[in-house]
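These are the residues of each chain, in order.
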Amino acid sequence: MNKNILILAAGTRNKIVQYFKRTFDGVGTVVATDASTLSPAIYDADKYFIVPPITEEGYIDKILEICKKEQISGVLSLIDPELSLLAANEEKFKAVGTTIIGSSYDLCEMALDKMQMYEWLKAHGYNCARSWMDKDEFYRAVDAGEVSYPVFVKPYRGSASISISKVYDKETVDLLFAHEDDLMIQEFLDGQEIGADVYIDLISGEVVSIFTKEKIKMRAGETDKAVSFKDPELFALIEKFVNEAGYRGQIDIDIFEIEGQYYISEVNPRFGGGYPHAYESGCDHMKLILNNLQGIVNEKNIGAYEEGIYMMKYNEVKIVKM
């Protein structure tokens, strides 16, 4: 029986669509959606649909309609705000025979809420950047010598590094807080930034694949250049964290290494922008997804890649006559 996959909000993530096409070739169809005909990745799918924005009433009904029509076995989204929406409607997808490749509603919400993530990490004993919603509480911590400038001021809910300011003094903190609501202050972690691409088996709940890379250069919140590396200690930390939190499917974790200690920063419960590095290094998570959709439990194969493989992003164009 065919296993068809639906990729929502495909946008500019052409590589992700291409990898699914390669893996599902001869087994099933790769269907993509987006709200715009000018989203290049949809043209790499076997079939695509233009859908309303996720905020529009009736959006989920439209996606369920596609799932029924195209006999979709598994669905996933490539944007953060849609992850919670999918999770909240899990029963509706199950009813039409579609598996959501993702984590629970609570975990998707925690990924969006940086303050909630901080509280969870702190409560469970993980190293993380100290954070404050109350600027006066932060000022007291500065006066007590517990934290120093620079710090990050950012919306406590958000993604893609939008509206983040690196701040060097009290006056700027006051100015930002006076002009915008729902801000938080976060300690600046000065260390080596690391990205982890992790797959958690949908059937067994086991962490079956981990790929880690040191980030060399960042651009607009995305990894521009990186190099693969391995550390059994980091693998063990990731596994412990993921098991404790209860994630499922594909996740992307931002980590910092400071003086030999690992700090967990953020989690995106989806394919991260740097995932092609993992795939091209041998971590084919599309195959792991296909296995799960076929009822096959994946075997644990953590760190199944070479160290010293570099990734460098560059621009490509898609030309389409409409």
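Here is a short report on the structure shown in this document. Just so you know, these numbers come straight off a predicted model, no measurement behind them.

If you tally the helices and strands in the chain, you get 11 helices and 15 strands. Relative to a compact globule of 322 residues, whose C-alpha radius of gyration would be 20 Å, the chain shows 20 Å and is just as compact. Burial analysis of the chain (322 residues in total) assigns 51% to the buried set. Considering only contacts within the chain whose residues lie at least 6 apart along the sequence, 64% involve residues at least 24 apart. Of the roughly 15,400 Å² of accessible surface on the chain, a fraction of 48% belongs to carbon and sulfur atoms. In the chain, the 34 positive side-chain charges and the 52 negative ones have mean positions that sit 6 Å from each other.

The next point concerns the sheet that holds strand 7 (residues 151-155). Taken in spatial order, the 4 strands of this open sheet run 6-9-7-8, and their pairing is antiparallel. Lying at the two open borders of the sheet, with one neighbouring strand each, are strand 6 (131-132) and strand 8 (165-167). Sheet analysis places strand 6 next to strand 9 (residues 183-187), joined by 2 bridges and oriented antiparallel. Note that in strand 9 the partner of Ser-131 across the bridge is Gln-186.

In spatial order, the strands read 14-13-10-11-12-15; together these 6 strands make up an open sheet with antiparallel pairing. If you trace the sheet from one side to the other, it starts and ends with strand 14 (261-268) and strand 15 (310-312), each paired once. Going from strand to strand, the sheet's axes swing by 35 degrees on average, the running direction of each strand aside.

Looking now at a nonpolar patch on the surface. On the surface, Leu-38, Val-320 and Met-322 cluster together into a nonpolar patch covering about 340 Å² of accessible area. We classify Met-322 as exposed; its relative accessible area is 63%.

Looking now at unusual backbone geometry. A cis amide bond links Tyr-149 with the next residue in sequence, Pro-150, at an omega value of 0 degrees. Mapped onto the elements of the fold, Pro-150 is located in the loop between helix 7 (135-143) and strand 7. At Ala-9, a residue that is not glycine, the phi angle is positive and equals roughly 55 degrees. Structurally, Ala-9 is set in the loop between strand 1 (4-8) and helix 1 (14-24).

On to the packing of aromatic side chains, then. This model, assessed by the stated rule, comprises 16 aromatic pairs. Ring centres of Phe-138 and Tyr-139 lie 5.7 Å apart, and the angle between their planes is 50 degrees; on these two criteria the pair is classed as tilted. Phe-138 sits in the buried class, given a relative accessible area of 0%. Assessed through its relative accessible area of 9%, Tyr-139 is described here as buried. Plain terms: the ring middles of Phe-138 and Tyr-149 are 5.7 Å apart, the flat faces sit at 90 degrees to each other, and that makes the pair edge-to-face. Within this pair, whereas Phe-138 is found in helix 7, its partner Tyr-149 is found in the loop between helix 7 and strand 7, the two being separated by 11 residues in sequence. Through pairs of rings, three or more aromatic residues link up here, namely Tyr-19, Phe-20, Phe-24, Phe-271, Tyr-275 and Tyr-279. Between the NZ or CZ atom of Lys-230 and the centre of the ring of Tyr-305, over which it lies, the distance is 5.1 Å.

The next thing to look at is the state of the cysteines. Applying the stated rule across the entire model yields 0 disulfides. With no disulfide of its own, Cys-108 lies 16 Å from the sulfur of Cys-67, the closest cysteine sulfur.

Residues in a regular strand project their side chains so that they alternate between the two faces of the sheet. Within strand 12 (residues 222-228), 5 of the 7 residues are buried, leaving the element largely enclosed by the surrounding structure. The sheet contact formed by strand 12 and strand 15 spans 3 bridges and is antiparallel. Bridge pairing links Lys-225 to Met-312 in strand 15.

Another point: the pairing of strand 9. Judged by how many residues are buried, strand 9 sits mostly within the fold: 5 of 5 residues are covered. In the sheet, strand 7 pairs with strand 9 via 5 bridges, with the strands oriented antiparallel. Bridge pairing links Lys-154 to Met-184 in strand 9.

We now examine the pattern of salt bridges. Pairing is possible between side chains of opposite charge, provided their charged atoms come close. Inspection of the entire model under this criterion finds 17 salt bridges. A salt bridge links Lys-318 to Asp-44, with the shortest nitrogen-to-oxygen separation between them at 3.0 Å. Taken together, the residues Lys-318 in the segment after strand 15 and Asp-44 in the loop between strand 2 (30-34) and strand 3 (47-50) connect sequence positions 274 residues apart. A relative accessible area of 35% means that Lys-318 is categorised as partly exposed. Among the ionic pairs, Lys-215 bridges to Glu-193, the shortest N-O distance being 3.7 Å. With Lys-215 in strand 11 (residues 207-219) and Glu-193 in strand 10 (residues 192-200), this residue pair connects regions lying 22 residues apart in the sequence. One network of salt bridges, with partners in common, ties together Lys-135, Lys-170 and Asp-174.

Thresholds, definitions, all that
- Residues numbered from 1 in each chain as written.
- Predicted model: local features only at pLDDT ≥ 70, side-chain atom pairs only at ≥ 80, totals over all residues.
- Heavy atoms only, no water.
- Helix = DSSP H or I, 4+ residues; strand = E, 2+ residues; numbered from the N terminus.
- Rg over C-alpha atoms; globule rule 2.2 N^0.38 Å.
- Buried < 20%, exposed > 50% of the residue type's maximum accessible area, 1.4 Å probe, protein only.
- Contact = heavy atoms within 4.5 Å.
- Areas by Shrake-Rupley, 256 points an atom, 1.4 Å probe, with all protein chains shown as cover.
- Lys, Arg positive; Asp, Glu negative; His and termini not counted.
- Charge placed at Lys NZ, Arg CZ, Asp CG, Glu CD.
- Pairing = 2+ DSSP bridges.
- Axes fitted to C-alpha atoms, helices over the stretch in contact; angles between N-to-C directions.
- Patch = residues over 30% accessible without salt bridge, like charges linked within 9 Å, V, L, I, M, F, W, Y side chains within 5 Å.
- Salt bridge = Lys/Arg side-chain N within 4 Å of Asp/Glu carboxyl O.
- Phe/Tyr/Trp six-rings, centres within 6.5 Å; stacked < 30°, edge-to-face > 60°.
- Lys NZ or Arg CZ within 6 Å of the ring centre and 35° of its normal.
- Disulfide = S-S within 2.5 Å.

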